[in-house]
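This is what each chain is made of:
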Amino acid sequence: MKIVVCVNHVPDTEARIKIGADGKGIDKSGITYILNPYDEIAVEQGLRLKEKFGGEVIAISLGGESNKETLRKTLAMGADKAILLKDESDRDSFSVAKALSDNLKEINSDIILFGKQSIDFDNSQLPGLVAEMLNLPSVSVVVKLEIENNQVVCEREIEGGHEKVESRLPVVLSVQKGLCEPRYPSLKGIMAAKTKLIEEKPVISNSKKVEIVSLRLPASKGTGKIVGTEPTAAKELVRLLHEEAKII
Amino acid sequence: MNSTEQTIPTFEITENQKMVQQLARDFAEKEIKPVIMKYDESQEFPLDIVRKMSELGFMGIIFPEEYGGAGFGYLEYVTIIEEISKADPSMGLTIAAHNSLCTNHIYTFGNEQQKKKYLPDLCSGKKIGAWALTEPTSGSDAGSMRTTAMRDGNYYILNGSKNFITHGSVGKVTVVLAITDKSKGKKGISAFIVDNDTPGFIVNKKENKLGMRSSDTTALAFDNCAVPIENLIGEECKGFHQALTILDGGRISIAANALGIAQGAFDASLKYSKERQQFGKPISEFQAIQWKLSEMATQIEAARLLTYRAAFLKNKGDEIIKESSMAKYYASEVAVMVTNEAVQIHGGYGFTKDFIVEKFYRDVKLVTIGEGTSEIQKLVISRELLRI
Ligand SMILES: Cc1cc2nc3c(=O)[nH]c(=O)nc-3n(C[C@H](O)[C@H](O)[C@H](O)COP(=O)(O)OP(=O)(O)OC[C@H]3O[C@@H](n4cnc5c(N)ncnc54)[C@H](O)[C@@H]3O)c2cc1C
Ligand SMILES: Cc1cc2nc3c(=O)[nH]c(=O)nc-3n(C[C@H](O)[C@H](O)[C@H](O)COP(=O)(O)OP(=O)(O)OC[C@H]3O[C@@H](n4cnc5c(N)ncnc54)[C@H](O)[C@@H]3O)c2cc1C
């Protein structure tokens, strides 16, 4: 089985984000980047498919030189090969999807795995866009997966429940937490990754359709409020959550 | 580039170190931190955590792949111990004692047959290793040991007792130092590989300790324990010299252990000082606290440089007697100072078990004692300086 996993290099969840000088992007200084957590699950799923069906796992990422760190992590986890689509120009989801699918066409894989969303821009657009561009079926937010004789059975998370869907290979899937627990890259894996190849390919075209006009940080959270310490305060707490905060 | 190929020291962390650091940090956060207080309270050895660390390769970091090791150098080794110690110093000590003492003694001085027989199971963590030098009446003066190993046909018969042995009760293989020639004093000491299930190998009292409570520290006794002659490591009467060489490398791992404790205590203090408000502002705005933070951070950085330098020189194959002693001495004393200030910064909360600095404060004292006290480190350093 030829398995491709699309991975993004994103700011660490604990990074303190500041807006850059141009007001349209973030200030990248001092930020550590990680393999997008949902993509880590996609890599794990890819490796499990390989362990079951044989074949190879190829990780692919679009971005700058530093994306190699993330690709190297996928290799240390056990991916066989990595491809860096090298480009640092400003892009939107569409142009990322276009560049990815142009390359994915050549790879001709049985399954293309994505994270359900990239935790930097949270668009959740790429899997759908890529599937459309490749004219492949796609299933999003997958939490359970079974494949037998080209038949794909997935459970996906929907509001208040799970939906079971069927499709056939080749397919594009975006994965959600709960599908599987990603493994740690072992020391042996890290050592082995050094001899694996990261193929670099330049990306020239940029068919960007969306312009970021401005970026701002969310309003800072107000201070907390203690309603009371006695059991009787519970009632008031529920009232406030319901009427003021409107979350229950 | 493999760090062992590196010949020029660099202040930048290598790609390898970065990857193992991330791995050890993630692992410590997710698998150790949430459960470790339970083990600290009960003094139970966390076999489950050790099994997981074994799967990652942490029990064979510095040994070649042909023996089942990960094939990394001392820089990665030190990085891993530091990160694990930030979450639990006892688990840092487990990695240090298993790799640096037991396994490294067999790797450095064992013959090919011994290496093939013992290293794969040690490197994979299938068997936990221990190293027994200290005795009830010989600590700093290790050469005055009394345990004997008398040749009898195809066996050496061990009699005597050992004290404070890390992994004494959970270990499956122990490197034991014992006297084969009483007339020669410390020059009559030899080293043996002993399977812990050998008849006459007795696991005695497990210590009830101030800190490092999830580490297994146990007294051992040998009662006519018959060890086959092929388990002698190297030549007879070379054991004490071997042990000192092993300790030269081991001290780097205790320096890393200390570094992790200090960094962990500092990180917690920095965070707390920004959150805790008194007199209408965060305590980090008081100069008295700021100075503490500055001193702590500077000394930790100095300790790190000494530790990484010793690791770097060890990778290069240089003699590191003085350098590893300096690193161990300095890093361990810094760690004691830093944890002390960390509790102070936390005030009363630092005195409770709800804050990690309470545990660091207890755990840290081992690092100025184990693998040679600070006094002994100074003795070693001055001997090197004066060449006596
Ligand atoms: C070279 C480059 C330059 C960019 N410049 C800018 C900019 O200047 N300003 C700005 O605001 N944004 C920029 N972006 C971000 C871009 O707009 C997209 O938002 C981002 O790449 C993906 O986020 P998303 O929210 O669309 O992904 P989602 O659709 O949420 O991601 C879903 C999944 O798609 C996959 N995926 C996402 N990104 C990649 C990738 N790069 N390579 C491979 N797989 C991926 C992962 O599996 C991920 O889990 C840039 C991106 C790149 C790669
Ligand atoms: C948790 C723990 C784990 C351990 N693990 C192991 C292990 O796995 N294997 C092993 O073999 N040992 C182990 N040890 C033993 C450890 O190495 C010894 O405790 C240490 O070497 C000190 O010996 P001692 O306790 O007998 O103290 P002593 O040697 O009795 O020292 C008492 C005091 O006298 C000082 N002193 C002694 N001699 C001199 C001198 N010449 N000049 C100045 N001051 C001096 C010491 O510095 C110290 O302050 C462990 C100990 C502990 C607590």
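As the structure is a prediction and not an experimental result, all values here were calculated from the model. (Residues numbered from 1 in each chain as written. Chains lettered and ligands numbered in written order. Predicted model: local features only at pLDDT ≥ 70, side-chain atom pairs only at ≥ 80, totals over all residues.)

Quick look at the overall build of chain A now. A count of helical and extended segments in chain A gives 6 helices and 11 strands. Each principal axis of the C-alpha atoms in chain A carries an extent, and together these give about 65 × 45 × 40 Å. Residue pairs in contact within chain A that sit at least 24 positions apart in sequence constitute 71% of those at least 6 positions apart. (Helix = DSSP H or I, 4+ residues; strand = E, 2+ residues; numbered from the N terminus. Contact = placed C-beta atoms within 7 Å.)

The next point concerns the site of ligand 1. Residue and element names in this part refer to chain A. Not every one of the 33 residues close to ligand 1 is listed here, only the nearest: Ser93, Gly115, Ser118, Phe121 and Asn123. At the level of secondary structure, the elements contributing two or more residues to the shell around ligand 1 comprise helix 1 (37-53), strand 4 (56-63), helix 3 (93-107), strand 6 (111-115) and helix 4 (126-134). Top contributing element to the shell around ligand 1 by residue count: strand 4, with 4 residues. Within the shell around ligand 1, the residues separate by chemical class into 13 nonpolar, 12 polar and 8 charged. (Near = placed C-beta within 6 Å. Nonpolar A, V, L, I, M, F, W, Y, C, P; charged D, E, K, R; others polar.)

Our focus in this paragraph is the site of ligand 2. All names here are of chain B. The immediate surroundings of ligand 2 are formed by 21 residues, with Gly139, Ser140, Thr166, Thr373 and Glu375 found nearest. Residue assignment for the shell around ligand 2 shows that the elements contributing at least two residues are strand 1 (129-132), strand 3 (155-166) and helix 11 (374-386). Tallied by class, the residues present in the shell around ligand 2 amount to 11 nonpolar, 8 polar and 2 charged. Looking at which domains feed residues into the shell around ligand 2, each of domain 2 (129-237) and domain 3 (240-386) supplies at least three. (Domains from an automatic or database assignment.)

Residues and elements named next belong to chain B. Running from amino to carboxyl end, helix 7 (residues 239-275) crosses helix 10 (residues 356-363) at an angle of 155°, the nearest separation of the two axes being 10 Å. Taken together, the axes of helix 7 and helix 10 are roughly antiparallel relative to one another. Regarding helix 7 and helix 10, the two cross each other, and that crossing is left-handed. Every residue of helix 10 that contacts helix 7 at Ile261, Gly264, Ala265, Ala268 and Ser269 is listed here: Ile356, Val357, Phe360 and Asp363. In the contact of helix 7 with helix 10, the residues fall into 6 nonpolar, 2 polar and 1 charged. (Axes fitted to C-alpha atoms, helices over the stretch in contact; angles between N-to-C directions. Parallel < 35°, antiparallel > 145°, perpendicular 65-115°, else oblique. Left-handed = near helix turned anticlockwise from the far one by under 90°.)

Attention now moves to the domain arrangement of chain B. All names here are of chain B. For chain B, the assigned domains read domain 1 (3-123), domain 2 (129-237) and domain 3 (240-386). Between the C-alpha centres of domain 2 and domain 3 the distance comes to 30 Å. On the domain 3 side, the residues contacting the 13 residues of domain 2 number 10 residues.

With 13 residues of chain B at the interface, the matching set in chain A holds 8 residues. Mapped onto the side of chain B that touches chain A, the elements with two or more residues apiece are helix 1 (15-32) and helix 3 (47-56) of chain B. Here the side of chain B that touches chain A takes 6 residues from helix 1 of chain B, the largest share from any one element. For the side of chain B that touches chain A, the per-class residue count stands at 8 nonpolar, 3 polar and 2 charged.

What follows is about the sheet that holds strand 11 (residues 198-202) of chain A. Strand pairing in a sheet is mediated by backbone hydrogen bonds. Such pairs are either parallel or antiparallel. Residues and elements named next belong to chain A. Ordered in space as 9-8-7-10-6-1-4-5-11, the 9 strands form an open sheet in which the pairing is mixed. The strands lining the two open edges of the sheet, one partner per strand, are strand 9 (161-168) and strand 11. When strand polarity is set aside, the average angle formed by the axes of neighbouring strands in this sheet is 30°. The sheet contacts of helix 3 involve strand 1 (2-6), strand 4, strand 5 (81-86), strand 6 and strand 11, and relative to strand 4 the element is tilted by about 150°. The strands touched by helix 4 within the sheet are strand 1, strand 6, strand 7 (138-148) and strand 10 (171-175), with strand 7 carrying the most contacts at an inclination of about 65°. (Pairing = 2+ DSSP bridges.)

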